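Structural features, examined
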There are 2 protein chains.
Amino acid sequence: MAIHPLWNKYPTMQEQLIETQKVMNKSVKIRNKEMTEALQLFFEAGGKLLRPAYFLLFSSFGHVPNNKIKYQMAASLEILHAATLIHDDIIDDSPIRRDCPSIQAAYGKDIAVYAGDFLFTVYFQLLANSSQTTEALESNALNMKRILVGELDQMHLRHNSRISIKQYLQHIKGKTAQLFQFSCYQGTQVANTSLRVQILAQRIGYQIGMAFQILDDVLDFTSTEAELHKPILEDIRNGNYTLPLIYAMAENRDAFMILEKGPELTDDDIQLVVANINRYHGLEKAQKLATRYTDKALADIAKLPDTLERQILTELTERLLNRQD
Amino acid sequence: MAIHPLWNKYPTMQEQLIETQKVMNKSVKIRNKEMTEALQLFFEAGGKLLRPAYFLLFSSFGHVPNNKIKYQMAASLEILHAATLIHDDIIDDSPIRRDCPSIQAAYGKDIAVYAGDFLFTVYFQLLANSSQTTEALESNALNMKRILVGELDQMHLRHNSRISIKQYLQHIKGKTAQLFQFSCYQGTQVANTSLRVQILAQRIGYQIGMAFQILDDVLDFTSTEAELHKPILEDIRNGNYTLPLIYAMAENRDAFMILEKGPELTDDDIQLVVANINRYHGLEKAQKLATRYTDKALADIAKLPDTLERQILTELTERLLNRQD
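Residues numbered from 1 in each chain as written. Chains lettered and ligands numbered in written order. Predicted model: local features only at pLDDT ≥ 70, side-chain atom pairs only at ≥ 80, totals over all residues. Heavy atoms only, no water.

1. Regarding the overall build of chain A
Tallying secondary structure elements over chain A gives 14 helices and 2 strands in all. Taking 20 Å as the expected radius of gyration for a compact globule of 325 residues, we find that chain A reaches 20 Å, a close match to that expectation. Taking the principal axes of its C-alpha atoms as reference, chain A extends roughly 60 × 50 × 35 Å. Across the 325 residues of chain A, 58% fall into the buried class. Sequence separation of 24 or more characterises 74% of the internal contacts of chain A that already satisfy a separation of 6 or more. When the accessible surface of chain A is summed, it comes to about 13,600 Å², and 49% of that surface belongs to carbon and sulfur atoms. Averaging the positions of the 35 positive and the 39 negative side-chain charges in chain A gives two centres separated by 6 Å. (Helix = DSSP H or I, 4+ residues; strand = E, 2+ residues; numbered from the N terminus. Rg over C-alpha atoms; globule rule 2.2 N^0.38 Å. Buried < 20%, exposed > 50% of the residue type's maximum accessible area, 1.4 Å probe, protein only. Contact = heavy atoms within 4.5 Å. Areas by Shrake-Rupley, 256 points an atom, 1.4 Å probe, with all protein chains shown as cover. Lys, Arg positive; Asp, Glu negative; His and termini not counted. Charge placed at Lys NZ, Arg CZ, Asp CG, Glu CD.)

2. Description of the pattern of salt bridges
The final tally for this structure, using the stated rule, is 20 salt bridges over all chains. Arg 203 of chain A serves as the salt-bridge partner of Asp 300 of chain A, at 2.8 Å between the closest nitrogen and oxygen. A residue pair is termed long-range when its members are at least 10 positions apart, and Asp 300 of chain A in helix α13 (residues 282-301) and Arg 203 of chain A in helix α9 (residues 195-222) qualify at 97 residues. The class of Asp 300 of chain A is buried, set by a relative accessible area of 4%. A salt bridge links Glu 251 of chain B to Lys 285 of chain B; its shortest N-O distance comes to 2.8 Å. Of this pair, Glu 251 of chain B sits in helix α11 (residues 243-251) while Lys 285 of chain B is found in helix α13 (residues 282-301), placing the two residues 34 residues apart along the sequence. Judged by relative accessible area, which is 44%, Glu 251 of chain B ranks as partly exposed. Residues joined by salt bridges that share partners form a network here, namely Arg 203, Asp 300 and Lys 303 of chain A. (Salt bridge = Lys/Arg side-chain N within 4 Å of Asp/Glu carboxyl O.)

3. Digging into the interface of chain B and chain A
Contact residues are listed per partner, giving 45 residues for chain B and 45 residues for chain A. Note on chain B versus chain A: buried area summed over both sides is about 4,300 Å², and carbon and sulfur give 66% of it. In this structure, the connection of chain B to chain A is made through 4 salt bridges. In this structure, Asp 153 of chain B and Arg 31 of chain A form a salt bridge, with 2.5 Å as the shortest nitrogen-oxygen distance. Linking chain B with chain A are 10 residue pairs in polar contact (both at pLDDT 80 or more). Contributing elements (two or more residues each) for the side of chain B that touches chain A: α4 (67-91), α6 (109-130) and α7 (134-157) of chain B. (Buried area = accessible area lost by both parts, 1.4 Å probe. Polar contact = N/O pair within 3.5 Å; in protein donor to acceptor, adjacent residues only side chain to side chain.)

4. Remarks on the environment of Gln 189 of chain B
Residues and elements named next belong to chain B. Assignment of secondary structure puts Gln 189 in helix α8 (residues 165-190). Residue Gln 189 is classed as partly exposed on the basis of its relative accessible area of 38%. Each C-alpha atom of the pair Gln 189 and Asn 66 lies 13 Å from the other, and the pair is 123 residues apart in sequence.

5. A word on the environment of Gly 209 of chain B
Mapped onto the elements, Gly 209 of chain B comes out in helix α9 (residues 195-222). Along the chain, Gly 209 of chain B and Gln 178 of chain B lie 31 residues apart, while their C-alpha atoms are 7.3 Å from each other.

6. Some points on the relation of the copies chain B and chain A
The transform that puts chain B on chain A rotates by 180° and translates by 0.0 Å along the axis, for an RMSD of 0.0 Å. The symmetry that links the two subunits is that of a two-fold axis. Taking C-alpha positions as the reference, the residue of chain B nearest the rotation axis is Thr 134 of chain B, at 3.1 Å. Taken together, the interface assignments show that 100% of the residues at the interface of chain B recur at the interface of chain A, consistent with an identical surface on both copies. (Least-squares fit on C-alpha atoms with pLDDT ≥ 70 in both.)

7. What to know about the packing of helix α3 (residues 50-59) of chain A against α9 of chain A
All names here are of chain A. Running from N to C, α3 and α9 cross one another at 155°; their axes reach a closest spacing of 12 Å. The orientation of α3 relative to α9 falls into the category roughly antiparallel. Handedness of the crossing formed by α3 with α9: right-handed. Taking contact as the criterion, the partners of Leu 50, Arg 51, Tyr 54 and Phe 58 in α3 are, on α9, Ala 201, Ile 204, Ile 208 and Phe 212. (Axes fitted to C-alpha atoms, helices over the stretch in contact; angles between N-to-C directions. Parallel < 35°, antiparallel > 145°, perpendicular 65-115°, else oblique. Left-handed = near helix turned anticlockwise from the far one by under 90°.)

8. Details of helix α4 (residues 67-91) of chain A
The terminal C-alpha atoms of α4 of chain A, which comprises 25 residues, lie 37 Å apart, in line with the 36 Å expected from a rise of 1.5 Å per residue. The buried fraction of α4 of chain A is high, at 23 of 25 residues. (Expected span 1.5 Å × (residues − 1).)

9. Section: the packing of aromatic side chains
A full pass over the atoms with the stated rule returns 18 aromatic pairs over all chains. Here Tyr 54 of chain A and Phe 180 of chain A contribute two aromatic rings whose centre-to-centre distance is 6.0 Å and whose plane-to-plane angle is 70°, an arrangement assigned as edge-to-face. Of this pair, Tyr 54 of chain A sits in helix α3 while Phe 180 of chain A is found in helix α8 (residues 165-190), placing the two residues 126 residues apart along the sequence. By relative accessible area, Tyr 54 of chain A is classed as buried at 0%. An aromatic cluster of at least three residues, connected via ring pairs, comprises Tyr 123 and Phe 124 of chain A together with Tyr 123 and Phe 124 of chain B. (Phe/Tyr/Trp six-rings, centres within 6.5 Å; stacked < 30°, edge-to-face > 60°.)

10. Digging into the nonpolar core
Judged by nonpolar contacts, the single largest core of 231 residues is most densely connected at Trp 7 and Ile 214 of chain A together with Trp 7 and Ile 214 of chain B. When residues no more than four places from it in sequence are discounted, the contact partners of Ile 214 of chain A are Tyr 168, Leu 169, Ile 172, Leu 243, Ala 286, Leu 289, Ala 290 and Tyr 293 of chain A. (Core = buried A, V, L, I, M, F, W, Y, C linked by side-chain atoms within 4.5 Å.)

11. Structural notes on α11 of chain B
Where burial is concerned, most of α11 of chain B is hidden: 7 out of the 9 residues are buried. Buried residues along α11 of chain B sit against α8, α9, α12 (267-279) and α13 of chain B.

12. Thoughts on the environment of Gln 170 of chain A
Structurally, Gln 170 of chain A can be placed in helix α8. With relative accessibility at 37%, the residue Gln 170 of chain A sits in the partly exposed group. Distance in space between the C-alpha atoms of Gln 170 of chain A and Asp 235 of chain A is 19 Å, their sequence separation being 65 residues. In contact with Gln 170 of chain A, not counting residues within four places along its chain, are Asp 153 of chain A together with Arg 31 of chain B.

13. A look at the packing of helix α1 (residues 11-27) of chain A against α4 of chain A
Residues and elements named next belong to chain A. Where α1 meets α4, the closest approach of the two axes is 8 Å, and the angle between their N-to-C directions is 70°. By the angle class used here, α1 and α4 are roughly perpendicular. Considering the relative orientation of α1 and α4, their crossing is right-handed. Residues Gln 16, Glu 19, Thr 20, Val 23, Met 24 and Ser 27 of α1 form the contact with α4, whose participating residues are Lys 70, Tyr 71, Gln 72, Ala 74, Ala 75, Glu 78 and Ile 79. Per-class residue counts for the contact of α1 with α4 are 6 nonpolar, 4 polar and 3 charged. (Nonpolar A, V, L, I, M, F, W, Y, C, P; charged D, E, K, R; others polar.)

Next up, the structure:
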């Protein structure tokens, strides 16, 4: 089983994430072999398993009574994440995911709808098996709802050139930060850590998630291989306006009137939009906000007990939030 | 709040189903108003609320400690059903559901994917709130998984002109009978009935579900307004072969060679297929099998304690399974 090279430096994490991926692979085994294979390939395509990783790292600050439960919960977080990715790719008509064809591109829309649905049931089943109390399930249900509401926000805000920074932040809070926050928090819950660590976990997870998504949105514009690549063109054409553009629009709305062409925007039009985002400091400002969230996260991580896992948390967070692609 | 006229004759049921629908409408209230409205309209469009009804009827054979929990569970069954319908309509490209435009036809594919996903979270939340034990959640998770596997079977069997009767029965068991069976069973669970009633509930639910789906598939061919209407044409073109066709093919496979044209089948071709289904007794045989399941269900219902609810169960089941449209 291959795990993302990000983890090569951390053998203890590597080991635990391999266990997590075993649970994931096993949990999607059903009599429909095509579906099982499609999902196992999707898992193998190498997500970084960040959400399970943060969960596992935070669980180290207490005592987990049962390893089976730990890995089931870790797997459930990645499974939920995968379900939302697969359905998002249907909605965005994304051809590519993790450098491979998306499920909908490879197998068609039908399989993709059911693949996501099936992962929701797997998620639900893993949780039902691993939760000792119905409270844990209630908090999971609430978590899932908030993620969905974040995705609906995004859809609702499409083509809205008056989208505010606040609205953007609210939607990425649901779409991305919620699951990071929840993963960290659930780690402390399952390990029954001190209340102080539980509170820190929630704050840290939230800050990491916010920084992570903002940075993702910045990298869409700046990563070398991405220079005006398809996702940006598509995102702007589809009316998904992210923070760099929102900041630039706030500086000079008239410079972006051309956006009203919507799906009719030509590649040249979008080149102009991107030039104006640079000119009105959209990327700089967004990067700055990501750095603020990162710094807050790092400051809070420093307040955790001084362990090997805290060290890994620090390095991982620095590395993720200073990545260039 | 309007409830399907089916319930006019049964005021106690009407009352309880209105309470159930209140929980449903309330549970889909979120800040995305468009989504809330779409779903409330979908609920109002008047499903018969059969799954909650069977749940409620079976809960009458014991004692439900808490009405709030009862209505949450009843609502959760219809919510799960609605989620699967909405996603099925995406996959089948169905323009119509309950005599209204389907969610995907009215609001587009994007809303339909998220509407289903959102209902899964609502389902999950209702259950987490109403379940006192994690066992109840495990059985719900397993139920959901079996339904999904049934839907995958259907997809997998498409355009397979060698589909056997056994395969058809296995797939409708998952797709339809599972949720009827589970609804009846969950009613006896929440009311803590005798074990005998619990076992009967499962059998009865299964038999009703099987009869219900077979009859549905027969009515697609025979209901007066349906005379060669779009759903049949589409079903056959899409390769969804149901029991009347399977029975007829078993009688004379050569008469159905034309099916190999698949999506290229003309309306005339399909008229020929339908004529041959009649000629080779497909409808008669399917109807007969539905009647066998119905008779078994009625015989088992007669073994329940002699109450008003047993009377309603008998009438309801007879009426449903002898319906003409």
